[in-house]
Amino acid sequence: MKKTTTSFVCQECGYDSPQWLGKCPECGNWNSLREIRVAEFKPQNSLVAQKVNIEPKRLDQIKFQKKQRLLTGFSELDTVLGGGIVKGSAILLAGDPGIGKSTLLLQIGLKMATAKEKVLYISAEESEEQIKLRADRISSKKNSNLFIVSSTNTDLVCEAIQKLNPALVIVDSIQTMESENVSGLSGSVGQVRYGAFQFIKLAKTLGIPVVMVGHVTKEGMVAGPMVLSHMVDTLLFLEGEKFTSTRILRSLKNRFGPVDEIGLFAMEDAGIKELTSPEQLFLSKESVGAVSGSVLSVTMEGTRPFLIEIQALVVNSKIPIPRRVASGIDYKRLELLLAVLQKHCNIPLSGMDVFVNVAGGIKLSDPGTDLSICLAIISSFQNIKISNKVGIGEVGLLGEVRRANSLEKRIKEAQKLGFKDILSSNKFKTLRDVLASLSK
Ligand code: TYD
Ligand code: MG
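Treat the numbers as computed from the prediction; the structure is a model and nothing was measured.

**Some words on the environment of Ser406**
Along the chain, Ser406 falls in the loop between strand 21 (401-402) and helix 10 (407-416). For Ser406, a relative accessible area of 35% puts it in the partly exposed group.

**Description of the site of ligand 1**
The local shell around ligand 1 holds 15 residues, among which Gly98, Ser102, Thr103, Glu268 and Gly271 are the closest. Here an oxygen atom of ligand 1 sits 2.7 Å away from a polar atom, N or O, in the main chain of Gly98. Backbone polar atom of Ile99 to an oxygen atom of ligand 1: 3.4 Å apart, as the coordinates give it. Look at ligand 1: alone it shows 560 Å² of surface, and the protein chains cover 74% of it. Residue assignment for the shell around ligand 1 shows that the elements contributing at least two residues are helix 3 (101-112), helix 4 (128-138) and strand 13 (262-268). Broken down by element, the shell around ligand 1 gets its largest block of residues, 3 residues, from helix 3. When grouped by side-chain class, the residues that make up the shell around ligand 1 number 4 nonpolar, 5 polar and 6 charged.

**Observations regarding the sheet that holds strand 13**
The strand order across the open sheet built from 9 strands is 8-7-9-10-6-11-12-13-14, with neighbouring strands paired in mixed fashion. Single-partner strands in this sheet number two, and they are strand 8 (146-150) and strand 14 (271-274). When strand polarity is set aside, the average angle formed by the axes of neighbouring strands in this sheet is 25 degrees. Bridging between strand 11 (residues 234-239) and strand 12 (residues 246-254) involves 6 bridges; their strand directions are antiparallel. Residue pairing in the sheet places Leu236 in a bridge with Ser251 of strand 12. Here helix 4 sits on the sheet in contact with strand 7 (119-123), strand 8 and strand 14, set at roughly 145 degrees to strand 8.

**Side note on the pattern of salt bridges**
Scanning the entire structure with this criterion turns up 18 salt bridges. Notably, a salt bridge pairs Asp233 with Lys204, separated by 2.7 Å at the nearest N-O pair. You can see Asp233 sitting in the loop between helix 7 (227-231) and strand 11 and its partner Lys204 sitting in helix 6 (residues 189-206), a full 29 residues away along the chain. The buried category is assigned to Asp233, whose relative accessible area is 3%. Judged by its relative accessible area of 45%, Lys204 falls in the partly exposed class. We note a salt bridge from Asp370 to Arg333, for which the minimum N-O separation is 2.5 Å. One end of the pair, Asp370, is in helix 9 (residues 370-382); the other, Arg333, is in helix 8 (residues 331-344), with 37 residues separating them in the sequence. What emerges from the salt-bridge pattern is a single network uniting Lys204, Asp233 and Arg255.

**Some remarks on the side chain of Asn254**
Mapped onto the elements, Asn254 comes out in strand 12. Only 3.1 Å separates the side chain of Asn254 from the side chain of Thr234, close enough to count as a polar contact. A distance of 2.9 Å separates a polar atom in the side chain of Asn254 from the backbone nitrogen of Phe256. When near neighbours in sequence (up to four residues on either side) are disregarded, Asn254 contacts Val80, Leu81, Gly82, Asp233, Thr234 and Val259.

Cut-offs used in this document
- Residues numbered from 1 in each chain as written.
- Chains lettered and ligands numbered in written order.
- Predicted model: local features only at pLDDT ≥ 70, side-chain atom pairs only at ≥ 80, totals over all residues.
- Heavy atoms only, no water.
- Helix = DSSP H or I, 4+ residues; strand = E, 2+ residues; numbered from the N terminus.
- Buried < 20%, exposed > 50% of the residue type's maximum accessible area, 1.4 Å probe, protein only.
- Near = heavy atom within 4 Å.
- Polar contact = N/O pair within 3.5 Å; in protein donor to acceptor, adjacent residues only side chain to side chain.
- Areas by Shrake-Rupley, 256 points an atom, 1.4 Å probe, with all protein chains shown as cover.
- Nonpolar A, V, L, I, M, F, W, Y, C, P; charged D, E, K, R; others polar.
- Pairing = 2+ DSSP bridges.
- Axes fitted to C-alpha atoms, helices over the stretch in contact; angles between N-to-C directions.
- Contact = heavy atoms within 4.5 Å.
- Salt bridge = Lys/Arg side-chain N within 4 Å of Asp/Glu carboxyl O.

What follows is the structure, given as structure tokens:
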């Protein structure tokens, strides 16, 4: 008979306790601990048990394999990963339902399955026919080395992986996988943790990279256990608005690459496409400079500069405490910049309603766009058009214009797109100087 142990696991954060508690001491949630019986599970004749090698090695004995990374066929994704998928790594792709995770992964599978390399796509959500239908929609190419398994049984799937020995495994999704070795329904912390642990163990011992899909809750966390994000090497987020086609891929954690790179994609009728020239994405060309209240800037996302448009609207307020509405920038930052404008540039904004928006729905946390926000507000307030100018710089509390990080890169991007007149810390020391140059 199998020996079992009992523990109580928090369904929110994965906290493990030998006794039941009303409140989780880790995350503070009430009534979130559930009893979980774990059978002691010994993989007797599995390949995993035989391949484990725990002999300590000296650092110089460890061989570094050159061809460690697999290219996915999407250069945007490869950059986010730091140059491709590392062999034996575990990747978690998280995102809202319907955002395009399954589509993206199926496309990667289709691209990476070649005559020599097999790819295994495990679907615990859709039937084989559904996947076939989607694959036909995405590509007309016949691909014989993409293997599909439609099953929710973690242990059977692990056996299938060992038998096939593919170059890449895709698990869609980890929350729907379940095993008889653990009690609890699929999606519970115990099941998800067990499933992820088995797949990661396989990935490490056989050197097969595994990509797992994780659903996101309303609060924006990877559903069920946060523990999952500690277990994987790379945590990717696919985000975007349901009603627009733009999708942004971010890495929140990466043991093998940078964490601030983003990848840009567009969801189209025939699958997801990468956007390699995103210049037009966050820019409404018609309005730039044609009306007062619109100013261009260049923001950095990771190591990539983007030209963006800041829009401001300043009108007389009819209420005692004027409205300040910021979308795409931090509300507190807007208040601070308004105070600087009032104090150091003598612009009477205290009785005005101020609305600021970043065109294209991108969210900025980059202080290098401060100057352009100030300029957009002034442009709207004084009803002057600031066309063909790009503002790049941080604004300090004393009204000084500070150098934005990667200034040269930003300037180059603006020039590449045909904007020669750049207002930055290279030419101006204070916000007042910039204003004086505008009225000339
Ligand atoms: P899906 O990949 O199933 O999302 P997820 O796995 O993240 O839940 O994507 C579903 C949405 O994508 C659905 O609304 C239809 C749309 N879609 C396209 O626009 N084009 C396509 O080629 C495909 C396959 C789906
Ligand atoms: Mg899906």
